[in-house]
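A closer look at the structure
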Amino acid sequence: LAPGDTVYRAVNVANTGSLDLRYAISGQTTSDTKNLSSVLSYTIYTGVAPGPCSIGNIGAAPAIASNKTIGLASTALVGNKANGFQAGDRNLATGPANNEDLCVAMTLPLATTSAFASASANVTLTFDAEQTKNN
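Residues numbered from 1 in each chain as written. Predicted model: local features only at pLDDT ≥ 70, side-chain atom pairs only at ≥ 80, totals over all residues. Heavy atoms only, no water.

1. As for the nonpolar core
- If you look at the biggest cluster of nonpolar residues, it comprises 19 residues, and the most contacted ones within it are Y23, I25 and I44.
- Contributing elements (two or more residues each) for this core: β2 (21–31), β3 (41–46), β5 (75–78) and β7 (99–107).
- If we ignore the near neighbours within four places in the chain, the residues touching I25 are I44, T75, A76, L77, V78, L102, T126 and F127.
- Y8, V48, C53 and A61 belong to the second-largest nonpolar core, a separate cluster that totals eight residues. (Core = buried A, V, L, I, M, F, W, Y, C linked by side-chain atoms within 4.5 Å. Buried < 20%, exposed > 50% of the residue type's maximum accessible area, 1.4 Å probe, protein only. Helix = DSSP H or I, 4+ residues; strand = E, 2+ residues; numbered from the N terminus. Contact = heavy atoms within 4.5 Å.)

Here's what the structure looks like:
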């Protein structure tokens, strides 16, 4: 990435179980000594099919997380993984047609200095789900 670049990745969240669910998303990074993860910014959009997401064509898709920095410790991005309904949790009914296309955008801000040249970082997104029935 060069300063000002954004890369996009599609994620499909599907409920293949027998009960309705709700989920939350958190992220965690590992970074080299330059701490690249401290400057990367993430936005998650919903309703963007995999093809348009991969070329950055998000249109007017709503963001469910905007300009988040993911740290070395687990960072909440969407909803909350605590048991029971929490603000921002995403609901998915059961069944083959019940899934949600997400588009994750990672941006290296234009103001990033050359101090981060040749730096690297890895990000892991975790999707915590729970059944909604009696919960």
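2. Comments concerning the environment of P96
- In this fold, P96 is placed in the loop between β6 (90–92) and β7.
- Residues P96 and T46, 50 residues apart in the sequence, show an inter-C-alpha distance of 18 Å.

3. Concerning the sheet that holds β3
- With antiparallel pairing, the four strands of this open sheet are ordered in space as β1-β7-β3-β4. Of all the strands in the sheet, just β1 (6–14) and β4 (63–68) have a single pairing partner and so form its edges. Direction aside, neighbouring strands of the sheet carry axes that sit 20° apart on average.
- Relative to β7, β3 is paired through six bridges, and the arrangement is antiparallel. In the strand pairing of β7, T46 is matched with L102. (Pairing = 2+ DSSP bridges. Axes fitted to C-alpha atoms, helices over the stretch in contact; angles between N-to-C directions.)

4. Thoughts on the packing of aromatic side chains
- One pass over the full model with this rule turns up one aromatic pair.
- Their ring planes at 40° and their centres at 6.0 Å tell us that Y23 and F127 sit as a pair that is tilted. Taken together, the positions of Y23 in strand β2 and F127 in strand β8 (residues 121–131) put the pair 104 residues apart, joining distant regions of the chain.
- The exposure class assigned to Y23 is buried, which follows from its relative accessible area of 1%.
- When its relative accessible area of 31% is taken as the criterion, F127 is described as partly exposed. (Phe/Tyr/Trp six-rings, centres within 6.5 Å; stacked < 30°, edge-to-face > 60°.)

5. Re the pairing of β3
- Counting buried positions along β3 yields six of six residues, so the element is predominantly enclosed.
- Both faces of β3 are covered, namely the face carrying S41, T43 and Y45 and the face carrying Y42, I44 and T46.
- Relative to β4, β3 runs antiparallel, the two sharing three bridges. Note that in β4 the partner of I44 across the bridge is A65.

6. Things to note about the pattern of salt bridges
- Evaluated as defined, the whole model comprises two salt bridges.
- The residue R22 makes a salt bridge to E130 at a minimum N-O spacing of 2.8 Å. Of this pair, R22 sits in strand β2 while E130 sits in strand β8, and the two are 108 residues apart along the sequence. Across the pair, exposure class does not vary: R22 and E130 are buried alike.
- Between R90 and E100 there is a salt bridge, with its nearest N and O atoms 2.2 Å apart. Taken together, the residues R90 in strand β6 and E100 in strand β7 connect sequence positions ten residues apart.
- A residue is classified by how much of its surface remains accessible, and E100, at 11% relative accessible area, is buried. (Salt bridge = Lys/Arg side-chain N within 4 Å of Asp/Glu carboxyl O.)

Note that every value here comes from positions in space, so none of it alone points to a role or purpose.
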